[in-house]
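Observations on the model geometry
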Amino acid sequence: MENADVTPKKSWGQLLVVSSLIFGMFFGSGNLIFPVHLGQLAGHNWFLAALGFAISGSLFPLLAILAVVVTKSDGLFDLAKPVGRHYAALFLVLVHLTIGPFFGTPRTAATAYEMAVQPFLPTRFNPVGMLIFTALFFGAAYVLATHQNNLVKVVGKYLNAGFLLMLAVIFVVAFLNPMGNLQHAATVTYQTHATVHGFLEGYNTVDAVALLALSVTFVHAVRGLGYHDRALTKLTAQAGALSIGLEILIYFGLVLLGAFSLSRLSLSDNGGVALSQIVGHYFGNFGTLFLGVLVTLGVFTTALGLVTSFAQDFHKLFPRVSYLAWLRVTTLVSFLVANAGLNTIIDWSLPVLMLLYPLSLALILVALTVSNRPYAGIVYKLTIAFTMVPAVLDMLNHSPAVVTQLAPIHTALMVYHQVVPFASLGLGWILPTFLGFVLGIAWGRLRWALVPISVVDQDR
């Protein structure tokens, strides 16, 4: 165990460094484009929608990092292992496929294209333009992932500052000269339960899921500063509070931009298009190009981290296949999926996120509350078991009509919506999760009282 005496005295400089690390892990392309589109969708209900988005897009990712810190996990498999080794392996694969080649990584290239290239390219050239751009994008990612290169570190070092400076300029200009007012009608979905729908929109950032898998890198970096155990947890919580505070302010600002824009712009297909149009309105083609370049650099460093993480983790899980082979797989599949376009990627990802988010949040809940208890294994198993069924049903409910209209699935979904509270809102997992959690604690404490701790502990 690390000696508490060697823990360095915390300084404001170190706190800001760690806050910057957390912000850099949180903030990516999705954090820019989804709030803007949310503002357009929510109209005059922008505040309630932004509040829901901030909860799932900021608070839950911080809790994911803290779950890794508190449990001292060395990866997602380690974090989920108390549920069972097979479940942990399956969950690891699903998360990495989601944040990797199926959705997360292709979305980086698709977003960069729509913001940096598409505004300047005739519509008829879009398919060819996307093909060439994504080939160059993932070709460069593959080359840099196979060779250590200081370029990425340099770009990453200054990228956060560039993003924040650009956003500050946009906010000042836009709010001093708003496009209109905030009295525009909400779309049908956001006319009621705007906070819930904003909460579900925050799923699209994928941050809470992704940080369960990626925050180990952050934890190792902070340990390298000399912080361990309680000092590490305390520093992470304080730095996280600063970073999510800033992120929430940015979210509300972006949602406001989207809501104001309805006075001059029509509802966009996605937030990438909306943000480009807003910046173009205030700063012309130069502003659009500058933002596009900034976003491209940002999402490229994200993509590089994702392909590298995917190849490393899958090589550990399936060691017979080399790191380079997995790297080729993830870059090739990401290239193919990216060419489906940003709208299609977002549509495809929703059913999977409706499955993974409840399971991730249930895992975070248990990890932060009972991971150090001798009966923790029972709580893990029951909480995930009770979460699994509604999560699967939520996934099916948001699947294409060809799936939901199948007679057995249609009947099951009708019963689910009628019987389970909040199911019609996409939150049917909440009560079952807490029921499994409470039953797990009650059962675990009873067994702990009746059976020697060493025996109970085998459940972990």
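These numbers come from a predicted model, not from an experiment.

Points about the overall build of the protein chain
A tally of regular secondary structure across the protein chain gives 19 helices and zero strands. Computed over the C-alpha atoms, the radius of gyration of the protein chain is 22 Å, within 12% of the 23 Å expected from 2.2 N^0.38 for a compact globule of 460 residues. The C-alpha extent of the protein chain, read off along each of the three principal axes, is 70 × 55 × 45 Å. Of the contacts formed within the protein chain by residues at least 6 apart in sequence, a portion of 82% connects residues at least 24 apart. With the model as given, the accessible surface of the protein chain reaches about 20,300 Å², and the carbon-plus-sulfur share is 68%. Distance from the positive charge centre (21 side chains) to the negative charge centre (15 side chains) of the protein chain: 6 Å.

Quick word on the pattern of salt bridges
Under the definition given, this model contains one salt bridge. Lys81 serves as the salt-bridge partner of Asp78, at 3.8 Å between the closest nitrogen and oxygen. Taking relative accessible area as the criterion, Lys81 reaches 31% and is therefore assigned partly exposed.

Overview of the packing of aromatic side chains
Aromatic ring pairs are described here by two measures, namely the spacing of the ring centres and the angle between the planes. The tally for this structure, following the rule as stated, stands at 22 aromatic pairs. Ring geometry for Phe310 against Phe314: centres 4.1 Å apart, planes inclined by 20°, an arrangement best described as stacked. Residue Phe310 and its partner Phe314 are located together in helix α12 (residues 271–317), separated by four residues, close to a single helical turn. Given the relative accessible area of 2%, Phe310 is considered buried. Following the ring pairs from residue to residue traces out a cluster consisting of Tyr113, Phe133, Phe137, Phe138 and Phe300.

Things to note about the nonpolar core
With 72 residues, the main nonpolar core has Leu32, Phe137, Tyr190 and Leu254 as its most contacted residues. Top contributing element to this core by residue count: α12, with 16 residues.

Describing the environment of Ala449
Here Ala449 is to be found in helix α18 (residues 430–450). Along the chain, Ala449 and Glu201 lie 248 residues apart, while their C-alpha atoms are 44 Å from each other.

Focus: the confidence of the model for the protein chain
Interpretation of the predicted coordinates at a detailed level should be avoided for regions scoring low in pLDDT. Here the protein chain shows a mean pLDDT of 87. Residues at 70 or above account for 93%. Throughout residues 1–5 the model reports pLDDT below 50, and contacts reaching past four residues in sequence, or to other chains, amount to two contacts.

Looking at the packing of helix α2 (residues 29–42) against α12
Contact pair α2 / α12: the axes reach a minimum separation of 10 Å and the direction vectors enclose 155°. Between α2 and α12, the interaxial angle falls into the category roughly antiparallel. Between α2 and α12, the residues in contact are Ser29, Leu32, Ile33, Val36, His37 and Gln40 and Gly271, Gly272, Ala274, Leu275, Ile278, Val295 and Val299, respectively. Its residues placed into classes, the contact of α2 with α12 shows eight nonpolar, five polar and no charged.

A few points about the packing of helix α1 (residues 12–26) against helix α10 (residues 207–223)
α10 packs onto α1 with a crossing angle of 150° between their chain directions and a minimal axis gap of 10 Å. Classified by the angle between their axes, α1 and α10 sit roughly antiparallel to one another. As α1 packs across α10, the resulting crossing turns out to be right-handed. Residues Val18, Leu21, Ile22, Met25 and Phe26 of α1 form the contact with α10, whose own contacting residues are Asp207, Leu211, Leu214, Ser215, Phe218, Ala221 and Val222. Classifying every residue of the contact of α1 with α10 by side-chain character gives ten nonpolar, one polar and one charged.

A short note on the environment of Pro106
Position of Pro106 relative to the elements: it lies in helix α6 (residues 104–116). Taking C-alpha positions, Pro106 is 23 Å from Gly162, a pair spaced 56 residues apart along the chain. Excluding residues within four positions of it along the chain, Pro106 makes contact with Gly100, Pro101, Phe138, Ser334, Val337, Ala338 and Ile345.

Some remarks on α10
For α10, which comprises 17 residues, the first-to-last C-alpha distance of 22 Å matches the rise-based estimate of 24 Å (1.5 Å per residue) to within 8%. At Ala213, α10 is bent by approximately 55°, the largest bend along its length. Of all 17 residues in α10, twelve are buried, a share of seventy percent or more. Looking only at α10, the buried set comprises Asp207, Ala208, Val209, Ala210, Leu211, Leu212, Ala213, Ser215, Val216, Phe218, Val219 and Val222.

Here we look at unusual backbone geometry
In this model, Lys72 sits at a positive phi of 55°, which is unusual for a non-glycine residue. Tracing the sequence through the fold places Lys72 in the loop between α3 (46–71) and α4 (76–80). The phi dihedral of Val206 falls on the positive side, at around 65°, and the residue is not glycine. Inspection of the secondary structure puts Val206 in the loop between α9 (194–201) and α10.

Describing a nonpolar patch on the surface
Taken together, the side chains of Phe47, Leu48, Leu51, Ile55 and Leu59 present a nonpolar region at the surface, about 400 Å² in accessible area. Among the structural elements, Leu48 can be located in helix α3. On the basis of relative accessibility, which here comes to 41%, the residue Leu48 falls in the partly exposed class.

Considerations on the side chain of Asn126
Mapped onto the fold, Asn126 is located in helix α7 (residues 126–146). When its relative accessible area of 16% is taken as the criterion, Asn126 is described as buried. Ignoring anything within four residues of it in the chain, the contact list for Asn126 reads Tyr113, Gln118 and Leu121.

Rules used throughout
Residues numbered from 1 in each chain as written. Predicted model: local features only at pLDDT ≥ 70, side-chain atom pairs only at ≥ 80, totals over all residues. Heavy atoms only, no water. Helix = DSSP H or I, 4+ residues; strand = E, 2+ residues; numbered from the N terminus. Rg over C-alpha atoms; globule rule 2.2 N^0.38 Å. Contact = heavy atoms within 4.5 Å. Areas by Shrake-Rupley, 256 points an atom, 1.4 Å probe, with all protein chains shown as cover. Lys, Arg positive; Asp, Glu negative; His and termini not counted. Charge placed at Lys NZ, Arg CZ, Asp CG, Glu CD. Salt bridge = Lys/Arg side-chain N within 4 Å of Asp/Glu carboxyl O. Buried < 20%, exposed > 50% of the residue type's maximum accessible area, 1.4 Å probe, protein only. Phe/Tyr/Trp six-rings, centres within 6.5 Å; stacked < 30°, edge-to-face > 60°. Core = buried A, V, L, I, M, F, W, Y, C linked by side-chain atoms within 4.5 Å. pLDDT = per-residue confidence, 0-100. Axes fitted to C-alpha atoms, helices over the stretch in contact; angles between N-to-C directions. Parallel < 35°, antiparallel > 145°, perpendicular 65-115°, else oblique. Nonpolar A, V, L, I, M, F, W, Y, C, P; charged D, E, K, R; others polar. Left-handed = near helix turned anticlockwise from the far one by under 90°. Expected span 1.5 Å × (residues − 1). Bend = angle between axes of the 7 residues up to and from the residue. Patch = residues over 30% accessible without salt bridge, like charges linked within 9 Å, V, L, I, M, F, W, Y side chains within 5 Å.

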